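# Fold and contact review
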Amino acid sequence: QVQLVESGGGLVQPGGSLRLSCAASGSIFAINAMGWYRQAPGKQRELVAAITSGGSTNYADSVKGRFTISRDNAKNTVYLQMNSLKPEDTAVYHCTADVVSLLMGRNDYWGQGTQVTVSS
C-alpha cells in the first residue's frame, strides 16, 4: 500500500505565495517521476509541473517563472513553491507519483488534493 499526503494549501491574496508538500509513504522501492496537477471548478484537470527522479523539470506555460517544483528523494517528498499567485491559480491541487512498490509493482498514485484559493 502506498499513500500520498498533501499539505500546504489555503487562502492567499493575489501576489502571495504558498508552498505545497506531498509525502509518499508505504512499501516503496523507488519513485520515478512526481508531479502536481490541478483542477478548477468546471475545468479539466491540467498538469502544473513534474520532476523526474534525476531532477529534470517541466512546467505548464501558465506557471513558468512563478512556480518551482522540487523533491527530496530521501524523504519521498515533492514540493511546489508557488509565487506571484493569481486568482486563476485557484484550484484543487493533487500530487501524483510513479511508484515502484515492493508489493504492488509499478503504479501511479494520487493524493487526496489540497485546496488553493487566491482571492482578495
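Above this note sits the structure.
If you're wondering where the values come from, they're calculated on a predicted model, not measured in any experiment.

## Comments concerning the pattern of salt bridges
- Under the criterion given, the structure shown has 5 salt bridges.
- Among the salt bridges present, the one from R66 reaches D89, with a minimum N-O distance of 2.8 Å. Taken together, the residues span a long stretch of sequence, with R66 in the loop between β6 (57–59) and β7 (67–72) and D89 in the loop between β8 (77–82) and β9 (91–101) at a distance of 23 residues.
- In this structure R66 comes out as buried when scored by relative accessible area, which is 11%.
- Judged by its relative accessible area of 1%, D89 falls in the buried class.
- One network of salt bridges, in which partners are shared, links R38, E46, R66 and D89.

## Focus on the environment of G65
- Locating G65 in the fold gives a position in the loop between β6 and β7.
- Between the C-alpha atom of G65 and that of V116, which follows or precedes it by 51 residues, the distance is 19 Å.

## As for the nonpolar core
- Core analysis: the biggest nonpolar cluster contains 31 residues, and W36, V48, F67, V78, L80, M82 and Y93 have the highest contact counts within it.
- When residues of this core are traced back to their parent elements, those giving at least two are β1 (2–7), β3 (18–26), β4 (28–39), β5 (46–51), β7, β8, β9 and β11 (114–118).
- Here this core gets 5 residues from one element, more than from any other, and that element is β9.
- Residue contacts for M82: discarding those within four places in its chain leaves G16, S17, L18, L20, R66, F67, Y93 and V116.

## With respect to the sheet that holds β7
- If you walk across this open sheet you meet the 4 strands as β1-β3-β8-β7, and the pairing is antiparallel. The open sheet has two edge strands with one neighbour each: β1 and β7. On average, adjacent strands in this sheet sit at an angle of 15° to one another, irrespective of strand direction.
- Of the strand pairs in this sheet, β3 and β8 are connected by 6 bridges, and their pairing is antiparallel. Its bridge partner being in β8, R19 is matched across the sheet by Q81.

## What to know about the packing of aromatic side chains
- Per the counting criterion, the structure on display carries 1 aromatic pair.
- Taking 5.0 Å as the distance between ring centres and 55° as the angle between the ring planes, the aromatic pair formed by Y37 and W110 counts as tilted. In this pair, Y37 is assigned in strand β4 and W110 in strand β10 (residues 105–110), connecting sequence segments 73 residues apart.
- On the accessibility criterion, Y37 (24% relative accessible area) is partly exposed.
- We classify W110 as partly exposed; its relative accessible area is 35%.
- Positioned above the aromatic ring of Y79 is the side chain of R19, whose terminal nitrogen or guanidinium carbon lies 4.1 Å from the ring centre.
- Above the ring of Y37, the side-chain terminus of R45 is found at 5.5 Å from the ring centroid.

How each quantity is defined
- Residues numbered from 1 in each chain as written.
- Predicted model: local features only at pLDDT ≥ 70, side-chain atom pairs only at ≥ 80, totals over all residues.
- Heavy atoms only, no water.
- Salt bridge = Lys/Arg side-chain N within 4 Å of Asp/Glu carboxyl O.
- Helix = DSSP H or I, 4+ residues; strand = E, 2+ residues; numbered from the N terminus.
- Buried < 20%, exposed > 50% of the residue type's maximum accessible area, 1.4 Å probe, protein only.
- Core = buried A, V, L, I, M, F, W, Y, C linked by side-chain atoms within 4.5 Å.
- Contact = heavy atoms within 4.5 Å.
- Pairing = 2+ DSSP bridges.
- Axes fitted to C-alpha atoms, helices over the stretch in contact; angles between N-to-C directions.
- Phe/Tyr/Trp six-rings, centres within 6.5 Å; stacked < 30°, edge-to-face > 60°.
- Lys NZ or Arg CZ within 6 Å of the ring centre and 35° of its normal.

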